[in-house]
Amino acid sequence: MSIPRHIAIVMDGNGRWAQRRHLPRKLGHREGQKAVRATVEHCRQRGVAALTLFAFSSENWQRPGDEVHALMQLFVKALDSEVDELHRNGVRLTFIGDLDRFDAELSARMRAAMARTAGNDALRLNVAVNYGGRWDIAQAARGIAGAAMRGEIALDAIDELTLAPWLCLADQVPIDLFIRTGGELRVSNFLLWQLAYAELYFTDTLWPDFDAAALDAAIDAFAQRERRYGHTSAQLRATG
Ligand code: IPE
Ligand code: IPE
Ligand code: MG
């Protein structure tokens, strides 16, 4: 059976999970942390090489101040409580997104967790915070434009292959499987460039209810897909 090497997840539905129980939305986010733990562990056990989780989008700052504040507190607490265990399990943690928008202490902690786990190789765990796919493409364009201005790359040489290394996750295997929980059928400015040939999987399950069985169902669905990359089925059969 074909196991996706890199899974990216839009962890959506925390607020509705809480609201259905007449609880404040922030309790949904707290409950969602358990699903993160279970998903990381299950990916490691199934031999997935990389997992990228959308935790906070560049648009999520527009939520009510108390919800944003609760999410920031949750990130600080999670950094305190989870990093030891991740490190013990050989997980390499990377944050992608514009970390400079967070307060200095939080971004310093994120950078410290990345440095501490940099030598691990059991699973790459990427957490997207203050991340937007358009921001990612813009920062890559800025990077390569700087290189062009310094004379390190010719303008004519800028193409898909030379721009790709400037984007987030360029050092990792391509995304095979995109999962969105919570029932919405959209990408919400997640990894626009990197999802080009990912298989898309949507489930109504709310993120706090997502567990090992739900992940297995997504992996099973992935295994049924025929990835043609523009070719025909007959061509794929001919080349095996
Ligand atoms: C996803 O859950 C978590 C974040 C965006 C931080 P939501 O908070 O969007 O949950 P719903 O979509 O309102 O249910
Ligand atoms: C996407 O979910 C962002 C994260 C899961 C972190 P949203 O709930 O913010 O997306 P929209 O607003 O429904 O598009
Ligand atoms: Mg949502």
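You'll find the structure just up there.
Residues numbered from 1 in each chain as written. Chains lettered and ligands numbered in written order. Predicted model: local features only at pLDDT ≥ 70, side-chain atom pairs only at ≥ 80, totals over all residues. Heavy atoms only, no water.

Considerations on the site of ligand 2
And then number 1: Val10, Met11, Asp12, Phe54, Ala55, Phe56, Asn60, Arg63, Arg180, Arg186 and Ser188 make up every residue found near ligand 2.
And then number 2: Separating an oxygen atom of ligand 2 from a side-chain N or O atom of Asn60 is a distance of 2.9 Å.
And then number 3: Side-chain polar atom of Arg63 to an oxygen atom of ligand 2: 3.2 Å apart, as the coordinates give it.
And then number 4: Contact with the protein chains covers 77% of the free accessible surface of ligand 2, which is 390 Å².
And then number 5: If you map ligand 2 onto the pockets, it falls in the largest pocket.
And then number 6: With three residues, the top contributor of residues to the shell around ligand 2 is strand S2 (residues 50–57). (Near = heavy atom within 4 Å. Polar contact = N/O pair within 3.5 Å; in protein donor to acceptor, adjacent residues only side chain to side chain. Areas by Shrake-Rupley, 256 points an atom, 1.4 Å probe, with all protein chains shown as cover. 1 Å grid on protein atoms, 1.4 Å probe; cavity = no way out; pocket = protein on both sides within 12 Å on 5 of 7 lines; lining within 4 Å. Sits in = over half its atoms within 2 Å of the grid points. Helix = DSSP H or I, 4+ residues; strand = E, 2+ residues; numbered from the N terminus.)

Quick word on the sheet that holds strand S5 (residues 177–180)
And then number 1: Here we have six strands laid out as an open sheet, ordered S3-S4-S2-S1-S5-S6, and parallel in their pairing. Two strands lie at the open edges of the sheet, namely strand S3 (91–96) and strand S6 (199–202), each paired on one side alone. Between one strand and the next, the sheet's axes are offset by a mean angle of 20°, whatever the strand orientation.
And then number 2: Pairing of S5 with S6 involves four bridges; the strand directions are parallel. Following the sheet pairing, Arg180 is matched in S6 by Phe202.
And then number 3: Contacting strand S1 (6–10), S5 and S6, helix H7 (residues 212–224) crosses the sheet at an angle of about 135° to S5. (Pairing = 2+ DSSP bridges. Axes fitted to C-alpha atoms, helices over the stretch in contact; angles between N-to-C directions. Contact = heavy atoms within 4.5 Å.)

Purely spatial values, then, with no claim about function.
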